[in-house]
Structure formats: C-alpha cells, structure tokens
Amino acid sequence: MRVYFYMPKFAIECHLKNLLATSLQILLPQRCVLCDTLIRDTAWFPAPLCETCASRLEEIVGQRCASCGRALISEERFCMECRETACEDLRIMPVFMYRGAVAVLMHHYKVRERRSLATYFAFKLAPLIISVCATSGLQPCDVSLVPIPSRPEKLRAGKRDLVAALAIALSAWGFKSIQVLARHSNSVQQKTLARTDRFTNALQAYYLASSAGIPQKIILLDDVVTTGATLRACADILRGAGAEVLAAAVIAAD
Ligand SMILES: [Zn+2]
Ligand SMILES: [Zn+2]
C-alpha cells in the first residue's frame, strides 16, 4: 500500500530555511541579542535569540481580558485595569508582556533596529493570528494584515518601518498584508496624552491612504499596545470604509 504524505508549502519552506540556517550557522555563527552566546539549533530562522533567553520572555497564556488581551489571574472577563472602561469592540491579542527580557528585546527591535527579530516575532505571532482566523472559520489567505503606520517624520529620518517588516515576515505563514492606513505628519504622540484623550487623538492622526482596495477582513498589526486607543481608532476608520476588523495582533502589551 502506498502512503502519501502531505506537506504544506510553508512546512517545506521552513524545512529549507532550517537547512539554510544550519549552513549559515556554520559559516556565520550568530549570537543571541540578549546574552551574546553562540546560537545553535533553533526552530526559527534566522534566530538572533537563544533558547534560554527565549524561555525567559513573559508570554501571555491562558484566559485573556476581553478588552486588552492581557492575562487574567483571578478576574473574570475583564482585568482589573479594564473593569471601569472595558469595551469588547476589538479583540486585542498581544503575545508578550512588555517587561523584563521582553522590554530589552523590544529595545533591540525598535531602537537598535535588529530587523532579524521580525522573523522571531512573526514565529510567535503566526499561531495567534491563525487561531483568530480559525475561530471565524477562516484560513490565513482569507484575511489581510494591516500594519499600523509609523510616524512619517521617523521614516523621513531614515528609520525603518518595523511593523511593516513584521507583516512581511508573516508572509512565510501565508498572510498577505496591505498598507491602507496612513498617518499625518507631526501628529501628537499618544504617550504624551492622558488615556481619555488618546482615542480622539488617534482618530485625527490616522486616515485611509486610499478608499479603493480596502480588504473585507482585516487583522491589525502593531508592535506595542498600551491603552489600545490607537488600535481601536484605526479599527473604527477601517470599519467606516466597510471592512470587518477581526482582531489586532501585537507583539507586546505595555
Ligand atoms: Zn541568550
Ligand atoms: Zn484588560
């Protein structure tokens, strides 16, 4: 009896990438961004993080707050912080808590622009996004990732758009991305504002880059979430153009 094995395209790609990674590790040995030890076998490619440091990252597991996506401890539905202002209009799904080793790692990504970390973050975000798709009965190819745009003045200063880089890294898992949002120059930075003013400010800071070609089903993508005001405002803008925003996938919750 002949047995056929089905290997999805991305599994073949991962296998080839791991083969390439092994060859590269011999030729150009990589060091961990957090502890500087030499990196050997890893499950992702390229891997600027050792297994020990990866295990020190505070990942959000178990029940999540329905408003902000942070882990629930003994609370029900909403975390203590969200209890007063909780809203369930957008499912926010951060992978990590922004503290300890995660904060250091994010510094390497955002400030020191270690772009290869995008592959690691995509490796952690992909299962989360796939689970969001699955709960809506969708495949990764049915949704479009929409990255939250960087500040234009930052890009003009030569900085990289690291959320867009994350979207590109996620294409290895079959996700397509489209930049339909844009951000006004010199918009007021959210971190300088009180929580209550952030939503209105974000509504004024972002706009549709083009009303043509807005995908029907969208998952927003961002690097860090604090109050969720930016994500909620961007979701409102896209819904106003007729899109269904399923969730927002984020690397870390501050
Ligand atoms: Zn390490
Ligand atoms: Zn919460």
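Residues numbered from 1 in each chain as written. Chains lettered and ligands numbered in written order. Predicted model: local features only at pLDDT ≥ 70, side-chain atom pairs only at ≥ 80, totals over all residues. Heavy atoms only, no water.

Novice: Describe the sheet that holds strand β2 (residues 144–147), naming the residues involved and giving the relevant values.
Specialist: Strand order in this open sheet of five strands is β1-β7-β6-β2-β3, and the pairing throughout is parallel. The two strands at the open ends of the sheet, each matched to only one other strand, are β1 (92–97) and β3 (176–177). As paired strands, β1 and strand β7 (residues 244–253) are joined by five bridges and run parallel to one another. Paired with Met93 across the bridge in β7 is Ala249. Lying over the sheet, helix α6 (residues 162–169) contacts β2, β3, β6 (217–225) and β7, oriented at roughly 130 degrees with respect to β6. (Pairing = 2+ DSSP bridges. Helix = DSSP H or I, 4+ residues; strand = E, 2+ residues; numbered from the N terminus. Contact = heavy atoms within 4.5 Å. Axes fitted to C-alpha atoms, helices over the stretch in contact; angles between N-to-C directions.)

Novice: Summarise α6; cite the residues concerned and give the values.
Specialist: Structural remark: α-helix, 3.6 residues per turn; residues separated by three or four positions point the same way. For α6, a buried count of six out of eight residues is recorded, marking the element as mostly surrounded by other parts of the structure. Looking at α6, one finds that the buried residues are Leu162, Val163, Ala165, Leu166, Ala167 and Ala169. Those residues of α6 that are buried are in contact with α3 (101–110), α4 (117–135), β2, β3, β6 and β7. Where α6 begins, the capping side chain belongs to Asp161, and its oxygen is found 3.3 Å from the backbone nitrogen of Val163. (Buried < 20%, exposed > 50% of the residue type's maximum accessible area, 1.4 Å probe, protein only. Polar contact = N/O pair within 3.5 Å; in protein donor to acceptor, adjacent residues only side chain to side chain.)

Novice: Give a detailed account of the pattern of salt bridges, specifying residues and quantitative values.
Specialist: Between side chains of opposite charge, pairing is possible as soon as their charged atoms come close. Inspection of every chain in the model, using the stated rule, returns seven salt bridges. Of the charged contacts, one joins Glu88 and Arg77 as a salt bridge, the two residues approaching to 2.7 Å between their closest N and O atoms. Residue Glu88 is located in the loop between α2 (51–55) and β1, and its partner Arg77 is located in the loop between α2 and β1; the two are separated by 11 residues in the primary sequence. The shortest N-O distance in the salt bridge between Asp89 and Arg232 comes to 2.6 Å. (Salt bridge = Lys/Arg side-chain N within 4 Å of Asp/Glu carboxyl O.)

Novice: So, the coordination of the zinc ion (ligand 2): which residues are in play, and what are the values?
Specialist: Each protein donor to the zinc ion (ligand 2) is listed here as Cys65 (SG), Cys68 (SG), Cys79 (SG) and Cys82 (SG); together their distances run 2.3 Å. Coordination at the zinc ion (ligand 2) is tetrahedral, judged from the four donor atoms that bind it and the angles of 103 to 116 degrees they form at the metal. Within one chain, the residues donating to the zinc ion (ligand 2) are spaced in sequence as C-x2-C-x10-C-x2-C. (Donors = N, O, S within 2.8 Å, 3.2 Å for Na, K, Ca; no water. Tetrahedral: all angles 85-135°; square planar, octahedral: opposite > 155°, others 65-115°.)

Novice: Residue-level account of the coordination of the zinc ion (ligand 1), with values.
Specialist: Ligation of the zinc ion (ligand 1) by protein atoms is provided by Cys32 (SG), Cys35 (SG), Cys50 (SG) and Cys53 (SG), these donors lying 2.3 Å from the ion. The site at the zinc ion (ligand 1) holds four donor atoms, and with the angles between them running 105 to 116 degrees, its shape is tetrahedral. The exposure class assigned to Cys35 is partly exposed, which follows from its relative accessible area of 33%.

Novice: Before we move on, can you summarise unusual backbone geometry with the specific residues and values?
Specialist: With a phi close to 70 degrees, Arg77 is a non-glycine residue in the positive phi region. Phi is positive for Glu113, which is not a glycine, with a value near 55 degrees. Position of Glu113 among the secondary structure elements: in the loop between α3 and α4. Since its relative accessible area comes to 17%, Glu113 is described here as buried.

Novice: I'd like a rundown of the environment of Ile60, residues and numbers included.
Specialist: With respect to the element layout, Ile60 can be found in the loop between α2 and β1. Between the alpha carbons of Ile60 and Ala71 there is a distance of 5.8 Å; along the sequence they are 11 residues apart. Residues contacting Ile60, with those up to four places away along its chain left out, are Gly69, Arg70, Ala71, Pro94, Val95, Phe96 and Met97.

Novice: Any details on the pairing of β7? Residues and values, ideally.
Specialist: Consecutive side chains of a regular strand alternate in pointing toward one face of the sheet and then the other. Buried residues dominate β7, accounting for nine of its 10 residues. For the handedness criterion, the β-α-β arrangement of β6, helix α8 (residues 229–240) and β7 is classed as right-handed. (Right-handed = clockwise from strand over helix to strand, strands pointing away.)

Novice: Which residues make up the packing of α4 against α6, and what are the values?
Specialist: Each pair of packed helices can be summarised by the angle the axes make with each other and by the distance between the axes. The interhelical angle for the contact between α4 and α6, taken along N-to-C directions, is 60 degrees, at an axis separation of 9 Å. Here α4 lies oblique to α6, going by the angle between them. The hand of the α4/α6 crossing is right-handed. For the pair formed by α4 and α6, the contact residues are Ala118, Thr119, Phe121, Ala122 and Leu125 on the first element and Ala165, Leu166 and Ala169 on the second. Class assignment for the residues of the contact of α4 with α6 results in seven nonpolar, one polar and no charged. (Parallel < 35°, antiparallel > 145°, perpendicular 65-115°, else oblique. Left-handed = near helix turned anticlockwise from the far one by under 90°. Nonpolar A, V, L, I, M, F, W, Y, C, P; charged D, E, K, R; others polar.)

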